[in-house]
Amino acid sequence: MAALSFPQFLHRYGIKMLVTSTPDIVPGAIIEKRKRGYFKYGHLQAILGGSDASWEHRLQPANMVYGTVERSLSLKAKASLSEFGVTIGGGLERAKAVSFFLQNVQARILVHRSKMDLIPELFRYRERNRRRWNAELNDTWVADYTYYATQVTISFETEGGVDIQADVAQHVSVSATAAVAWKSKRSFTVTTTDEVPFGFSGWKL
C-alpha cells in the first residue's frame with residue numbers, strides 16, 4: 001500500500017498541524033491561529049477551574065489509518081529540524097531533503113470531560129466575562145484530540161554515498177521514553193514518541 005501524503009492525511013481526518021509543539025499541549029488546550037499556523041495559547045482549566053484529576057487525559061489508538069503517512073521537506077538552508085517529537089540540532093549540511101514516515105498514530109482524549117459538557121460551561125463563562133472573552137478567547141480553538149506518531153522513520157536524501165548517521169547521530173534529541181534505532185547510514189526509526197503531539201482537532205470559540 002502506498003504511503004498517504006501528509007496533507008491528504010491532515011485533510012481526511014480534520015487535523016490541524018501545530019507549528020511549535022510541546023508536551024503540555026493536551027486535550028483542553030486553547031490554540032491560537034497566527035500567520036505561521038497554530039500555537040498554544042493556554043488551557044481551559046485556567047478559566048473553567050477544576051482539579052487536575054478532572055482534566056485527566058489518556059492515550060488511545062486513533063483508529064484512523066492503517067499504513068504509513070509520509071511527509072517530505074527540503075533541507076535547503078536548514079541548520080536544524082524539529083518534527084514529530086524529534087529534534088536534530090545540526091549535521092544537516094550534506095542532506096538535501098528528509099522524509100518522515102509515520103506509523104501507529106494515536107490520539108489523546110479527556111477522560112472525564114467532553115465537548116458536550118464543556119460548551120455549556122464556556123457559554124456561561126462568556127456571559128460572565130464578555131470583555132475577557134472578546135479580548136483573549138474569541139476565535140481561538142479548543143483541542144478536543146491531540147495526535148501523536150508513536151513510530152517515525154526518518155530518511156534523508158543525499159548526494160552520493162554520504163554517511164548521514166555520522167553527521168547527525170550526536171545531534172538527535174528525543175523524549176526520555178523514546179528509542180532511536182538506525183536502519184542505515186541515511187535513515188533511523190524513533191519509537192514511543194507519544195509525548196509531543198504533531199497536531200490537534202477540535203472546535204472554534
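Residue positions are given per chain, counting from 1 as you read along its sequence in written order. This being a predicted model, a pLDDT of at least 70 is required before a residue's local features are given, and a value of 80 or more before pairs of side-chain atoms are given or counted; all residues contribute to the totals for chains, interfaces and linings. Side-chain measures were taken over the full set of non-hydrogen atoms in the model, leaving aside hydrogen atoms and water.

**Concerning the overall build of the chain**
For the chain, the count of helices and strands is five helices and 14 strands. Viewed in the frame of its principal axes, the chain has a C-alpha envelope of about 65 × 30 × 30 Å. With a 1.4 Å probe rolled over the protein chains alone, any residue whose accessible area is under 20% of its type maximum counts as buried; one over 50% counts as exposed, and the rest are partly exposed. Of all 205 residues assigned to the chain, the portion counted as buried reaches 43%. The contact rule is simple, with two residues in contact once any of their heavy atoms fall within 4.5 Å. When contacts within the chain are restricted to residue pairs at least 6 apart in sequence, those whose partners lie at least 24 apart make up 72%. Of note, the chain has its 26 positive side-chain charges centred 6 Å away from the centre of its 19 negative side-chain charges. In DSSP terms, a helix is any run of H or I states spanning at least four residues, a strand is any run of E spanning at least two, and both are numbered starting from the N terminus. Here Asp and Glu are counted as negative and Lys and Arg as positive; His is not counted, and neither are the chain ends. Lys charges are placed at NZ, Arg charges at CZ, Asp charges at CG and Glu charges at CD.

**Some details on the side chain of Arg113**
The residue Arg113 is located in the loop between strand S9 (95-110) and helix H3 (115-128) in this model. Excluding anything up to four places from it in sequence, Arg113 contacts Gly49, Gly50, Ser54, Trp55, Leu118 and Glu121.

**Remarks on the packing of H3 against helix H4 (residues 130-137)**
Running from amino to carboxyl end, H3 crosses H4 at an angle of 110°, the nearest separation of the two axes being 5 Å. Relative to H4, the element H3 lies roughly perpendicular. Contact residues: Leu122, Tyr125, Arg126, Glu127 and Arg128 in H3; Arg130, Arg132, Trp133 and Leu137 in H4. Across the contact of H3 with H4, the residue classes break down as four nonpolar, no polar and five charged. Note on method: axes are straight lines fitted to C-alpha atoms, helices fitted across the in-contact stretch only, with angles between N-to-C directions ranging 0 to 180 degrees. Any angle from 65 to 115 degrees is called roughly perpendicular, while one under 35 is roughly parallel, one over 145 is roughly antiparallel, and all others are oblique. Only Asp, Glu, Lys and Arg are considered charged, only Ala, Val, Leu, Ile, Met, Phe, Trp, Tyr, Cys and Pro nonpolar, and every remaining residue, Gly among them, polar.

**Here we look at the packing of aromatic side chains**
Any pair of aromatic rings gets described here by the distance separating the centres and the angle formed by the planes. The aromatic pairing rule takes the rings of Phe, Tyr and Trp, using the six-membered ring of Trp, and pairs them if the centres are within 6.5 Å, calling planes under 30 degrees apart stacked, those over 60 edge-to-face and the rest tilted. Summed over the entire model, instances satisfying the criterion amount to 12 aromatic pairs. Measuring from ring centre to ring centre gives 6.2 Å for Phe9 and Phe198, while their planes differ by 45°; the resulting arrangement is tilted. Here the residue Phe9 occupies a position in helix H1 (residues 6-13), and Phe198 occupies one in the loop between strand S13 (187-191) and strand S14 (199-204), the gap between them amounting to 189 residues. Residue Phe9 is classed as buried on the basis of its relative accessible area, which comes to 0%. Residue Phe198 is classed as buried on the basis of its relative accessible area, which comes to 4%. Site record: aromatic cluster; members linked through ring pairs are Phe6, Phe9, Tyr13, Phe84, Phe100 and Phe198.

**Some thoughts on the sheet that holds strand S7 (residues 81-83)**
Any two strands between which DSSP finds at least two bridges are classified as paired. Pairing within the open sheet is antiparallel, and its three strands lie in the order S7-S8-S11. Each of the sheet's edge strands pairs with one partner strand only, and the pair in question is S7 and strand S11 (172-173). Here two bridges tie strand S8 (residues 86-88) to S11, and the two strands are oriented antiparallel to one another. Residue pairing across strands places Ile88 opposite Val172, the latter belonging to S11.

**Thoughts on H3**
Given a rise of 1.5 Å per residue, 14 residues ought to cover 20 Å, and the 20 Å separating the end C-alpha atoms of H3 matches this to within 8%. Among all positions of H3, only Leu118, Leu122 and Tyr125 are buried. The buried side chains of H3 occupy one side of the element, clustering within an arc of 60° when seen end-on. Opposite its buried face, H3 presents the exposed residues Met116 and Glu127, each directed more than 90 degrees away. On its buried face, H3 sits against helix H2 (45-48), S9, H4 and S14. One less than the residue count of a helix, multiplied by 1.5 Å, gives the span that helix is expected to have. Summarising the geometry, the arc corresponds to the directions from the helix axis toward the C-beta atoms.

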